[in-house]
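Close look at the chain arrangement
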Amino acid sequence: MVAVLAISTVFAQSKTPLEFKEIKHSFGKIKQNIPATYVFSFKNTSSTPVVIESATAQCGCTTPEYPKGVIPKGATNTIKVTYNAAAMGAFTKQVTVKVAKVAEPIVLTIDGEVVDAAAKDKTGK
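What you are looking at is a predicted structure, and each value in this text was computed from that prediction instead of being measured.

On to the side chain of His25. Examined against the element boundaries, His25 turns out to sit in strand S2 (residues 24–31). With residues near it in sequence (within four places) discarded, His25 still touches Tyr38, Phe40, Thr109, Ile110 and Asp111.

Once that is clear, we can look at the state of the cysteines. Overall, the coordinates contain one disulfide when judged by the stated rule. The residue that forms a disulfide with Cys59 is Cys61, at a sulfur-sulfur distance of 2.2 Å. The class of Cys61 is buried, set by a relative accessible area of 16%.

This part covers the confidence of the model for the protein. For the protein, the average pLDDT comes to 87, and 83% of its residues sit at 70 or higher. The low-confidence segment residues 1–13, where pLDDT is below 50, has eleven contacts with residues more than four positions distant or belonging to other chains. Within the model, pLDDT remains below 50 along residues 120–125, and this stretch shows four contacts once partners closer than five positions in the same chain are excluded.

A separate point is the pattern of salt bridges. By the definition in use, this model includes three salt bridges. Its salt-bridge partner being Glu113, residue Lys29 comes within 3.0 Å of it at the nearest N-O pair. Remark: Glu113 occurs in strand S9 (residues 106–115) and Lys29 occurs in strand S2; sequence separation between them is 84 residues. Its relative accessible area of 32% is what places Glu113 among the partly exposed residues.

On to the pairing of strand S7 (residues 76–83). As judged from the eight bridges shared by strand S3 (residues 36–44) and S7, these two strands associate in the antiparallel manner. The partner of Tyr38 across the bridge, within S7, is Val81. Two elements, strand S5 (residues 62–65) and S7, share four bridges in a ladder whose sense is antiparallel. Along S7, the bridge assignment pairs Pro64 with Val81.

All right, on to the pairing of strand S4 (residues 50–57) then. Relative to strand S6 (residues 70–71), S4 runs antiparallel, the two sharing two bridges. Across the sheet, Val51 pairs through a bridge with Val70, a residue of S6. Relative to strand S8 (residues 89–99), S4 runs antiparallel, the two sharing five bridges. Across the sheet, Ser54 pairs through a bridge with Lys98, a residue of S8.

Read across the open sheet, the four strands follow the order S1-S3-S7-S5; overall the sheet is antiparallel. Sheet topology places strand S1 (18–20) and S5 at the edges, where each strand pairs with a single neighbour. The sheet shows a mean angle of 30° between the axes of neighbouring strands, direction not considered.

One can find Val70 in strand S6. Judged by its relative accessible area of 60%, Val70 is exposed. It is 6.2 Å that separates the C-alpha atoms of Val70 and Pro49, two residues lying 21 residues apart in sequence. Other than its neighbours up to four places away in sequence, Val70 contacts Pro49, Val50 and Val51.

Rules used throughout
- Residues numbered from 1 in each chain as written.
- Predicted model: local features only at pLDDT ≥ 70, side-chain atom pairs only at ≥ 80, totals over all residues.
- Heavy atoms only, no water.
- Helix = DSSP H or I, 4+ residues; strand = E, 2+ residues; numbered from the N terminus.
- Contact = heavy atoms within 4.5 Å.
- Disulfide = S-S within 2.5 Å.
- Buried < 20%, exposed > 50% of the residue type's maximum accessible area, 1.4 Å probe, protein only.
- pLDDT = per-residue confidence, 0-100.
- Salt bridge = Lys/Arg side-chain N within 4 Å of Asp/Glu carboxyl O.
- Pairing = 2+ DSSP bridges.
- Axes fitted to C-alpha atoms, helices over the stretch in contact; angles between N-to-C directions.

Below, the structure is given as structure tokens:
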């Protein structure tokens, strides 16, 4: 039992056990009211299974979907982030990922510019 407590204490103080291929994605220009989705891939690089407690967006315009339950050591998985593209203009949105027993959260970022859907479709008709 002492070994388990010692490992938990060290693990709680360590950096994140999840290694993301990238933590930022730029959509570029996207059409208004057409949701844009990006899938962030990661690997559990720790020596123990981990659990993602939560993945929360900074506003209701962004929806994260993350794996529920245990992620085995060495396993790969994804977090899918969808932006609703309702508001015109440039955007930068963050999703905060909290891993159990890890103090520092992981912050994923998406950005881009929402443009008028009709403007891109004009072909001189």
